[in-house]
Amino acid sequence: MKRKLWLYLTLLTVLLAVGTALLLGIAQSGAGTQPIYKSLPKPGGAQTAQQAYVALESWAKTWSADAQVIAVSASLLKSEGQGQWWSFQLYSPSKRRVAMVLVQPSKIWMLREQTISYPQKDIPSQQWVLDSDAFLSKWWEERGSVIWQQSRAQSMHVHLGLQKNGVLVWQLSLMDMKGDLIDYWMIKADDGEVLSLSLIHI
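Residues numbered from 1 in each chain as written. Predicted model: local features only at pLDDT ≥ 70, side-chain atom pairs only at ≥ 80, totals over all residues. Heavy atoms only, no water.

**Focus: unusual backbone geometry**
Residues other than glycine predominantly adopt negative phi, and peptide bonds predominantly adopt the trans conformation. Despite not being glycine, R96 has its phi angle at roughly 55°, a positive value. Tracing the chain through its elements places R96 in the loop between β2 (86-92) and β3 (97-104). When its relative accessible area of 39% is taken as the criterion, R96 is described as partly exposed. (Helix = DSSP H or I, 4+ residues; strand = E, 2+ residues; numbered from the N terminus. Buried < 20%, exposed > 50% of the residue type's maximum accessible area, 1.4 Å probe, protein only.)

What follows is the structure, given as structure tokens:
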């Protein structure tokens, strides 16, 4: 009787040890292959869009005295953690030229420049109330914190620009590894009103 009880207790101990090891192995494996992205994404890096705009202003005047900002954008790969720069499109009415400029906290450089045959509308400062961090925080609180943690979500693109009706909007597009759209969000840049959204089940 004592021998049977001893064998039973030994078997139970072995089973518990094996079960614990398996659980620990699964937990460690999952932690290493599926990181959790809980922080707010920063597609433009350390600067917000408006901070980058302030840094760009004096440089833009050296390119053209009548330089105007017509669009702002930034992209982020999830694997990188945060973006590297803000991309600005500048327009000079006198030169009839458009320039693509990249802005980092310590560096500004021209990516390309070209002639354009039709006039462009600049971003109206009175409509640009929401900075990029406020825009992203709004998306994050309403849906982004859940979507961004999904394994299919791999890249993000944000864009500030004028619509045909003259309304300044922020747009966010979330893509998977193939570049297929997962989430799309558009809000007004002055009061944050949501104008359009589209969520594909992931």
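**Description of helix α3 (residues 132-147)**
Given 3.6 residues per turn, any residue in an α-helix points the same way as the ones three and four places further on. Over its 16 residues, α3 runs only 19 Å from end to end, short of the ideal 22 Å by more than 12%, given 1.5 Å per residue. Along α3, the positions that sit buried rather than exposed are S132, F135, L136, W139, W140, R143, G144 and I147. (Expected span 1.5 Å × (residues − 1).)

**Topic: the side chain of D176**
Counting through the fold element by element, D176 comes out in the loop between β6 (168-175) and β7 (181-188). Once residues lying within four places of it in the same chain are set aside, the contact partners of D176 are R152, Q154, S155 and I182. (Contact = heavy atoms within 4.5 Å.)

**A short note on the pattern of salt bridges**
Under the criterion given, the structure shown has six salt bridges. E113 is paired through a salt bridge with R97; the nearest N and O atoms lie 2.8 Å apart. Of this pair, E113 sits in strand β4 (residues 107-115) while R97 sits in strand β3, and the two are 16 residues apart along the sequence. According to the relative accessible area criterion, E113 is partly exposed, its value standing at 32%. With a shortest N-O distance of 3.4 Å, E142 and K138 are connected by a salt bridge. Linking E142 with K138, this pair stays in helix α3, spanning four residues, or about one helical turn. You can call E142 partly exposed: its relative accessible area is 49%. For K138, a relative accessible area of 26% corresponds to the partly exposed category. The network of salt bridges with common partners includes K188, D191 and E193. (Salt bridge = Lys/Arg side-chain N within 4 Å of Asp/Glu carboxyl O.)

**Quick look at the pairing of strand β5 (residues 155-162)**
Sheet topology note: the strand β1 (residues 68-77)/β5 ladder contains seven bridges and is antiparallel. By the bridge assignment for β5, L77 is matched with S155. Taken together, the eight bridges between β5 and β6 define a ladder with antiparallel strand orientation. Looking at β6, one finds that L160 is bridged to W170. (Pairing = 2+ DSSP bridges.)

**Concerning the nonpolar core**
One recurring pattern in soluble globular proteins is that nonpolar side chains are buried together. Ranked by size, the top nonpolar core spans 37 residues in total, and within it V72, W86, M156, V158, W170 and L172 carry the most contacts. Ignoring anything within four residues of it in the chain, the contact list for M156 reads P41, P43, A74, S75, L76, L136, W139, W148, L172, S173 and L174. (Core = buried A, V, L, I, M, F, W, Y, C linked by side-chain atoms within 4.5 Å.)

**Re the confidence of the model for the protein chain**
Residues with a pLDDT of 70 or more make up 80% of the protein chain, whose mean pLDDT is 83. When mean pLDDT is taken per element in the protein chain, β2 scores highest with 98 and helix α1 (residues 2-33) scores lowest with 35. Note on residues 1-36: pLDDT is under 50 here. Beyond four places in sequence and across chains, it has three contacts. (pLDDT = per-residue confidence, 0-100.)

**Looking at the packing of aromatic side chains**
Here the structure, examined in full by the defined rule, presents six aromatic pairs. A ring pair is formed by W139 and W140, whose centres lie 6.2 Å apart and whose planes are at 55°; its orientation type is tilted. The residues W139 and W140 share a single accessibility class, namely buried. Ring pairing ties together the aromatic residues W86, F135, W170 and W185, which thus form one cluster. For K78, the ring lying beneath its charged end belongs to W148, and the centroid distance is 5.4 Å. The ring of W109 has K107 sitting right over it, with the charged end atom 5.1 Å from the ring centre. (Phe/Tyr/Trp six-rings, centres within 6.5 Å; stacked < 30°, edge-to-face > 60°. Lys NZ or Arg CZ within 6 Å of the ring centre and 35° of its normal.)

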